[in-house]
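Working through the structure, step by step
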Amino acid sequence: MTRKIFGTDGVRGTANTYPMTAETALRLGAAAGRFFRREARGANRVVIGKDTRLSGYMFETALTAGLTSTGMNVLLLGPVPTPAVGMLTPSMRADAGVMISASHNPHEDNGIKFFGPDGFKLSDADEEGIERLLEEGVDPARPARIGRARRIDDGRFRYAERVKSTLPAGQRLDGMRVVIDCANGAAHRVAPEVLWELGAEVIAMGDDPNGVNINLACGSTKPEAAARLVRERRADLGICLDGDADRVMIIDETGEVADGDQVMALFARDWAEAGRLAHGTLVATVMSNLGLERYLEGRGLTLHRTKVGDRYVVEEMRKGGFNLGGEQSGHIVMTDHATTGDGLVAGLQFLAAMAATGRRASELSRQFERVPQRLHNVRYAPGRAPLEDAGVQAEIRTAEERLGGVGRLLIRPSGTEPLIRVMAECEDEALLSEIVDGLADRIARAAA
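In this report, we go over the structure that sits alongside the text. Everything numeric here is computed off the predicted structure, so don't read it as measured data.

**A look at the pairing of strand β3 (residues 45-50)**
Counting buried positions over the six residues of β3 gives five, a clear majority of the element. Here six bridges tie β3 to strand β4 (residues 73-79), and the two strands are oriented parallel to one another. Bridged to Lys50 within β4 is Pro79. Each parallel crossover has a hand, and for β3 linked through helix α2 (residues 56-69) to β4 it is right-handed. Taken together, the five bridges between β3 and strand β5 (residues 96-100) define a ladder with parallel strand orientation. Its bridge partner being in β5, Lys50 is matched across the sheet by Ile100.

Listed below in structure tokens is the structure:
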């Protein structure tokens, strides 16, 4: 079965436009309720978290109606990071978790992603199972077995304590000045609180959400404002989260931004030296820079690549018994600490490395020389399939031949937005620009 509404990371789209409508959310909740419920009377429960988007209220209510109609009891966490849902689902003995968020997308978008009772995101097969039930329709519970819903006030605090416990015993951040960009999103309260409670001097931005400013000129995809603030306030480090706080960008004391590849390189090196890196392997996607692969090989370590999507990274980690993985975009997955990417935990681990070594952020965040890489996103209208165009396919073949053994080319549709991503790596920057720009232009013409 081909998934119709589930993408790379759950269901996502523009709010009040199919599939992100209240009606679909209600039906999706009912289907998920059928998929996850057990027979034990009154024992079925689901936790629901959300970010700060205005449409979150609508989807929270619709999902709750669908879930309770099938006999599931719903625990409403309110605004919490995605990793908090992953953590609290098994902690609260829930049968499933739901996060309402479109991650780094603008406020107009929203999304729904599910976690199983173990706190991990669902597999493709599980999502297909929910879609089959969605097509079958609602199977309502008998009146006496309709579920209840109630708000949970301490979810944020439970998560905060878990996050703090990921630091080495007795580790403090006293004397460190940290800029934390919360992207006006789900971590706008918990991230500054955790850093302050650990002793840091906290300079917060993106911490005043109003429902429509999430990720607006801030956060991990737009770290420029945070970089300026780091320089202006002479901070030791900047931590940029995205709207649901499952990804991070690190900013050193000079204002330079380090992506997920550099952060993973640091952690892989340190964990390997401490004997903590399971099987000497880091799991990352096909988007990670070739420089990272060379860096690891030079230390006798392995880079295991997956297709794009943090849940595919996690699936490979679980399958192979690996404990460190992530994406260039800033998802850093440490299964010793969390079931999914956690930007705040990654930021704390970076701060712990600074404290342990006494070295500045700039010395730790530049682990390897990147191979020149260019990424060009081409937007297309729904219903169009520019990659099926014969002219586009011919140009892709030509580009691959030109790169030969000196680089690599990756072209793929985004799983979360109507975009074709054109990425290439090559030491010859002139050739790199020519290939990426040419392909992007040809795809844009096919998409018009």
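**Regarding the side chain of Thr340**
With respect to the secondary-structure elements, Thr340 resides in the loop between β16 (332-334) and α11 (343-357). On the basis of relative accessibility, which here comes to 1%, the residue Thr340 falls in the buried class. In terms of polar contacts, Thr340 uses its side chain to reach the side chain of Asp310, at 3.4 Å. The residues contacting Thr340, other than those within four sequence positions of it, are Thr82, Pro83, Phe115, Lys121, Asp310, Ile332 and Val333.

**What to know about a nonpolar patch on the surface**
The grouping of Leu54, Tyr57 and Val212 at the surface amounts to a nonpolar patch, some 320 Å² of accessible area in total. For Leu54, a relative accessible area of 55% puts it in the exposed group.

**Focus: the sheet that holds strand β10 (residues 237-241)**
Pairing in this open sheet of five strands is mixed, and the strands run β9-β8-β10-β11-β12 from one edge to the other. The open sheet has two edge strands, β9 (201-205) and β12 (257-258), and neither has a second partner. Bridging between strand β8 (residues 177-181) and β10 involves four bridges; their strand directions are parallel. Bridge assignment links Val178 to a residue of β10, and that residue is Leu237.

**Observations concerning the packing of helix α6 (residues 190-197) against α11**
The packing of two helices is summarised by the inter-axis angle and the distance between the axes. Packing of α6 against α11 brings their axes to within 11 Å, and their N-to-C directions diverge by 25°. As the angle between them shows, α6 and α11 are arranged roughly parallel. By crossing handedness, the relation of α6 to α11 is classed as right-handed. Along its contact with α6, which presents Ala191, Val194 and Leu195, the element α11 presents Leu344, Leu348 and Leu351. For the contact of α6 with α11, the class distribution of residues is six nonpolar, no polar and no charged.

**Quick look at the pairing of β9**
Relative to β9, β8 runs parallel, the two sharing five bridges. Bridge assignment links Arg177 to a residue of β9, and that residue is Glu201. Between the parallel elements β8 and β9, the chain passes through α6 in a crossover that is right-handed.

**Here we look at the nonpolar core**
With 67 residues, the main nonpolar core has Ile239, Phe267, Leu348, Phe350 and Leu351 as its most contacted residues. Considering every element that reaches this core, the biggest residue donor is α11, with nine residues. The residues contacting Ile239, other than those within four sequence positions of it, are Val178, Val179, Ile180, Asp181, Val248, Met249, Ile250, Gly347 and Leu351. Formed by 27 residues, the second largest nonpolar core is a distinct cluster that contains Leu28, Ala96, Ile112 and Leu133.

**Overview of the environment of Asp118**
Locating Asp118 in the fold gives a position in the loop between β6 (109-115) and α4 (124-136). Taking C-alpha positions, Asp118 is 8.8 Å from Ala94, a pair spaced 24 residues apart along the chain. Beyond its immediate stretch of four places on either side in the chain, Asp118 contacts Pro90, Arg318 and Thr339.

**Quick word on empty space enclosed by the protein**
Per the counting criterion, the structure on display carries one cavity of 30 Å³ or more. Counted as a void, the largest cavity has a volume near 30 Å³. Lining the largest cavity are Arg27, Ala30, Ala31, Leu133, Leu134, Gly137 and Val138. Mapped by element, the contributors of at least two residues to the lining of the largest cavity are α1 (22-36) and α4. With three residues, α1 is the single largest residue contributor to the lining of the largest cavity. Partitioned by chemical class, the residues of the lining of the largest cavity number five nonpolar, one polar and one charged.

The rules behind each value
Residues numbered from 1 in each chain as written. Predicted model: local features only at pLDDT ≥ 70, side-chain atom pairs only at ≥ 80, totals over all residues. Heavy atoms only, no water. Buried < 20%, exposed > 50% of the residue type's maximum accessible area, 1.4 Å probe, protein only. Helix = DSSP H or I, 4+ residues; strand = E, 2+ residues; numbered from the N terminus. Pairing = 2+ DSSP bridges. Right-handed = clockwise from strand over helix to strand, strands pointing away. Polar contact = N/O pair within 3.5 Å; in protein donor to acceptor, adjacent residues only side chain to side chain. Contact = heavy atoms within 4.5 Å. Patch = residues over 30% accessible without salt bridge, like charges linked within 9 Å, V, L, I, M, F, W, Y side chains within 5 Å. Areas by Shrake-Rupley, 256 points an atom, 1.4 Å probe, with all protein chains shown as cover. Salt bridge = Lys/Arg side-chain N within 4 Å of Asp/Glu carboxyl O. Axes fitted to C-alpha atoms, helices over the stretch in contact; angles between N-to-C directions. Parallel < 35°, antiparallel > 145°, perpendicular 65-115°, else oblique. Left-handed = near helix turned anticlockwise from the far one by under 90°. Nonpolar A, V, L, I, M, F, W, Y, C, P; charged D, E, K, R; others polar. Core = buried A, V, L, I, M, F, W, Y, C linked by side-chain atoms within 4.5 Å. 1 Å grid on protein atoms, 1.4 Å probe; cavity = no way out; pocket = protein on both sides within 12 Å on 5 of 7 lines; lining within 4 Å. Points joined across faces, edges and corners; volume = space filled by probe spheres on them.

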